[in-house]
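# Descriptive structure summary
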Amino acid sequence: MVEMIRSMERGVRPSLALVFLNRLVLLPVMAPQALTLAEGLSLVSLQCGPGHPDHGQLREAWAAVARTLDMVQLGEEEQEDVVLVVLEQSINSGHSRLVRRMAEECSAIWRRDPRQGRVYLVAGWLGRHATSLLYQPGNSALFNSLKNIIAPNIALAEDWMPPPEAESSIRRALPLFLVGLAGTKGFLDSRHLRRVVEDIVKIYFRCWEVTAGHPLVALFRQDTELSEDTQDDVQKLVLTTLVNLVTNIKLQKNWSVGGKTLKFLSLCVSNICTVQEVALPLILEIVSNIDDLGLKNPAFQLFKEIVLKGDEDLLTEKLLEFVTKSLAFNADRTFQTLTVTALIRPQFARQLIRPMGIQVHSVEAKRGGGRDRKLQDLLAKFETTVYEKL
C-alpha cells in the first residue's frame, strides 16, 4: 500500500488508487495506517475535482480517514471541492507533511503536462492557504516549485502565452495565489515574495485585455480577506510594477502598455489615494507631454478624479515635484497642466499660487539673468485664471 502511494508520482491513475484506498479506509485493522491513507487520498484529490465521477467517493473516503485521525472539523459550509477540505483540515490539524506532499505532487503533475487546468487552480489554493507553511526564508525550494507553476521563468519572455486549455483555471488561480503571498507573515520585508508578485504582474498583465474581470483587478476589491494595511501594500506593489513597466519602455515610444495601464488605473479609482500616490507622476507626464489623444484623454480623466477626490497634501506634493522637474525646460506645458487644475478645482489651485511664485523665482535665480518675462507672464496668467474661476 505504501509503495502504491509513493508510485503515484510516476503517474498511477487516481481512479485506480482511489479504489484501493477507499476499501482500505473502511478496514478497522488499517486504523494505525490512517495517516498514510490520508496521504494517498490527498494526492488523489489533486486530480479529482467536482466534475470527476469519483469525486463523491473521494469525499466519503476522506471524511472517514479524517475522523480516524481526529482532524479538526470545518464549519457547516461544505467546500465544493474535496481538495480544499483536505487542505484546510490538514493545515488546521497540524498535518504539515500532507500539505508538503500535495505541493510536491502538484509540481510533478505540472511538469508532466502543463496543459492541465486543474493543476494551476490547486497551486492557487496551495498558495492561498499554505504559503506560510511552504515558504521559509533560506529554504524556499518547495515554495519555488509551486511558484514555477504560476510564474515559470520562461513566461517572462514577451511572446509567452498561457496554455489555452488552462486559461480559465489560471485566471481563477492568480488572485488566490497573490492573496496568499500578501497575507504571509513577513511579506512586507520579503524581497523574494515581493519579487514573485512583481513577476506575476509583468507576465499576466499583458496576456489579457484589461477589463473588470482581469485577475489582477481582483486585488482592488474589498473581499480579499487581507488586512487593510496589507491590501494597501500589495495594491501599491502591483501599481508600482505597472508604472515601472511604462517608464522603462517609454523611450522606445511604445505606449501600448501605457494605454493598458491607464485603463487598469481607471478600474482602481475606488482606491484613489493609492492610485494618486503611485501613478500621479506618470499621469502628469502624459497629460503634459504626450499628444496622442488615445493616451492623453484617459490620463486627463484620471487626473480629474485625483484633483477632485484625492488627498490635497499629497496632490500638492506631487504637483510641486512635477513642477520642479519640468518648469525650467518646459514652462508652457507645465503651466498648461496647472491651468487645467485651476479649471477643475480653483479652490485647490489657489493654494498653488504662492508655491509657484517660489518655483519661478528659483528657476530665475539658477539662470542668473534676473526676472524671466515669459515665466512671470505664465505665472500671472495662471493666477488670473484661478481667481476668474473662483
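These notes cover the structure that comes with them. Note that the coordinates shown come from a computational prediction; the quantities given were computed from them, not determined experimentally.

### Focus on the overall build of the protein
Summing up its helical and strand segments, the protein has 19 helices and 0 strands in all. Taken over the C-alpha trace, the protein has a radius of gyration of 28 Å; the compact-globule value for 390 residues is 21 Å, which it surpasses by more than 25%. The buried share of the protein, taken over its 390 residues, is 52%. Partitioning the intrachain contacts of the protein with sequence separation of at least 6 by distance along the chain shows that 69% fall at a separation of at least 24. When the accessible surface of the protein is split by element, carbon and sulfur atoms take 50% of a total near 19,100 Å².

### A closer look at the pattern of salt bridges
Considering all chains together, one arrives at 17 salt bridges under this definition. Salt-bridge contacts for Arg101 lead to Glu104; the nearest nitrogen and oxygen are separated by 3.1 Å. Remark: Glu104 and Arg101 occur in helix H6 (residues 96-112); sequence separation between them is 3 residues, near one turn of the helix. Residue Glu104 is classed as partly exposed on the basis of its relative accessible area, which comes to 37%. One salt bridge in this structure joins Arg112 and Glu105, with 3.6 Å as the shortest N-O distance. Note on Glu105: relative accessible area 1%, which makes it buried.

### Focus: unusual backbone geometry
One non-glycine residue, Asp70, adopts positive backbone phi at about 55°. Among the secondary structure elements, Asp70 is positioned in the loop between helix H4 (55-68) and helix H5 (82-92).

### What about helix H10 (residues 191-205)?
For H10, with 15 residues, the first-to-last C-alpha span of 21 Å sits near the 21 Å given by 1.5 Å per residue. Along H10, the positions that sit buried rather than exposed are Leu193, Arg194, Val196, Val197, Asp199, Ile200, Val201, Ile203, Tyr204 and Phe205.

### Section: the packing of helix H9 (residues 167-182) against H10
Running from N to C, H9 and H10 point in directions that differ by 155°, and their axes come no closer than 10 Å. Relative to H10, the element H9 lies roughly antiparallel. When you trace H9 past H10, the crossing you get is left-handed. Note on element contacts: H10 touches H9 through Leu193, Val196, Val197, Ile200 and Tyr204, opposite Ile170, Leu174, Phe177, Leu178 and Leu181. Looking at the contact of H9 with H10 residue by residue, the class counts come to 10 nonpolar, no polar and no charged.

### Some details on the state of the cysteines
One pass over the full model with this rule turns up 0 disulfides. Note on Cys48: no disulfide assigned, nearest cysteine sulfur contributed by Cys106 at a separation of 15 Å. Looking at Cys268, it has no disulfide partner, and the nearest cysteine sulfur is the one in Cys273, 14 Å off. Judged by its relative accessible area of 0%, Cys268 is buried.

### Concerning a negative patch on the surface
Taken together, the side chains of Asp311, Asp313, Glu317 and Glu321 make up a negatively charged region of the molecular surface. Mapped onto the elements of the fold, Asp311 is located in the loop between helix H14 (293-309) and helix H15 (312-326).

### Remarks on the environment of Pro346
Within the fold, Pro346 resides in helix H17 (residues 346-350). Exposure remark for Pro346: the relative accessible area of 9% places this residue in the buried category. Sequence separation between Pro346 and Leu308 is 38 residues; the distance between their C-alpha atoms is 10 Å. Setting aside chain neighbours within four positions, we find Pro346 in contact with Thr341, Val386, Lys389 and Leu390.

### Remarks on the environment of Cys268
Tracing the backbone shows Cys268 in the loop between helix H12 (256-266) and helix H13 (272-289). Sequence spacing of Cys268 and Lys236 is 32 residues, and the spatial spacing of their C-alpha atoms is 11 Å. Leaving out residues up to four positions away in the same chain, Cys268 has contacts with Phe220 and Val275.

### A short note on the packing of helix H3 (residues 34-45) against H6
Packing of H3 against H6 leaves a shortest axis separation of 9 Å and a crossing angle of 35°. Considering the relative orientation of H3 and H6, their crossing is right-handed. Contact residues: H3 offers Leu35, Ala38, Glu39, Ser42, Leu43 and Ser45, while H6 offers Arg97, Leu98, Arg101, Met102 and Glu105. Its residues placed into classes, the contact of H3 with H6 shows 5 nonpolar, 2 polar and 4 charged.

### Side note on the packing of aromatic side chains
Enumeration according to the criterion identifies 7 aromatic pairs in this entry. Seen in terms of ring centroids, Tyr204 and Trp208 are 5.6 Å apart; in terms of plane orientation they differ by 20°. Their pairing is stacked. Taken individually, Tyr204 and Trp208 each receive the classification buried, so the pair is uniform in this respect. Judged by centre distance (5.9 Å) and plane angle (80°), the rings of Phe205 and Phe264 are edge-to-face. Of the two residues, Phe205 is situated in helix H10 and Phe264 in helix H12; the sequence distance between them amounts to 59 residues. Overall, the relative accessible area of 2% leaves Phe205 in the buried class.

Conventions and cut-offs
- All residue numbers refer to positions counted from 1 along the written sequence of the respective chain.
- Per-residue local features of the predicted model are confined to residues with pLDDT of at least 70, and side-chain atom pairs are confined, for both listing and counting, to 80 or more; whole-chain, interface and lining totals are unaffected and use all residues.
- Only hydrogens and water are set aside when side-chain values are computed; all heavy atoms of the structure are taken into account.
- What counts as a helix is a DSSP run of H or I of at least four residues, what counts as a strand is a run of E of at least two, and both are numbered from the N terminus.
- Our radius of gyration looks at C-alpha atoms and nothing else; its globule reference is 2.2 Å times the residue count to the power 0.38.
- Relative accessibility thresholds used throughout: buried, under 20% of the residue-type maximum; exposed, over 50%; partly exposed, between the two (1.4 Å probe, protein chains only).
- Residue contacts are defined here by distance: any two heavy atoms, one from each residue, within 4.5 Å place the two residues in contact.
- Using the Shrake-Rupley algorithm and a 1.4 Å probe, accessible areas are obtained, with residue cover drawn only from the displayed protein chains.
- We define a salt bridge as a side-chain nitrogen of Lys or Arg found within 4 Å of a carboxyl oxygen belonging to Asp or Glu.
- Each residue after the first adds 1.5 Å to the expected span of a helix.
- Axis definition: a line fit to C-alpha positions, over the contact stretch in the case of helices; interaxial angles, taken between N-to-C directions, run 0 to 180 degrees.
- Angular relationships are summarised with four words: roughly parallel below 35 degrees, roughly antiparallel beyond 145, roughly perpendicular across 65 to 115, and oblique for the angles in between.
- Two helices that cross are described as forming a left-handed crossing if the nearer one is turned anticlockwise from the farther one by less than a right angle, and a right-handed crossing if clockwise.
- Residues are sorted three ways: Asp, Glu, Lys and Arg are charged, Ala, Val, Leu, Ile, Met, Phe, Trp, Tyr, Cys and Pro are nonpolar, and all the rest, Gly among them, are polar.
- We call a pair of cysteine sulfur atoms a disulfide when they lie within 2.5 Å.
- Any residue with relative accessible area above 30% and no salt bridge may belong to a patch, with like charges joined within 9 Å and the nonpolar Val, Leu, Ile, Met, Phe, Trp and Tyr side chains within 5 Å.
- His residues and chain termini do not enter the charge count, which takes Lys and Arg as positive and Asp and Glu as negative.
- The atoms used to mark charge sites are NZ of Lys, CZ of Arg, CG of Asp and CD of Glu.
- Only Phe, Tyr and Trp rings are paired, with Trp represented by its six-membered ring, and only when their centres lie within 6.5 Å; those with planes under 30 degrees apart are stacked, over 60 edge-to-face, the remainder tilted.

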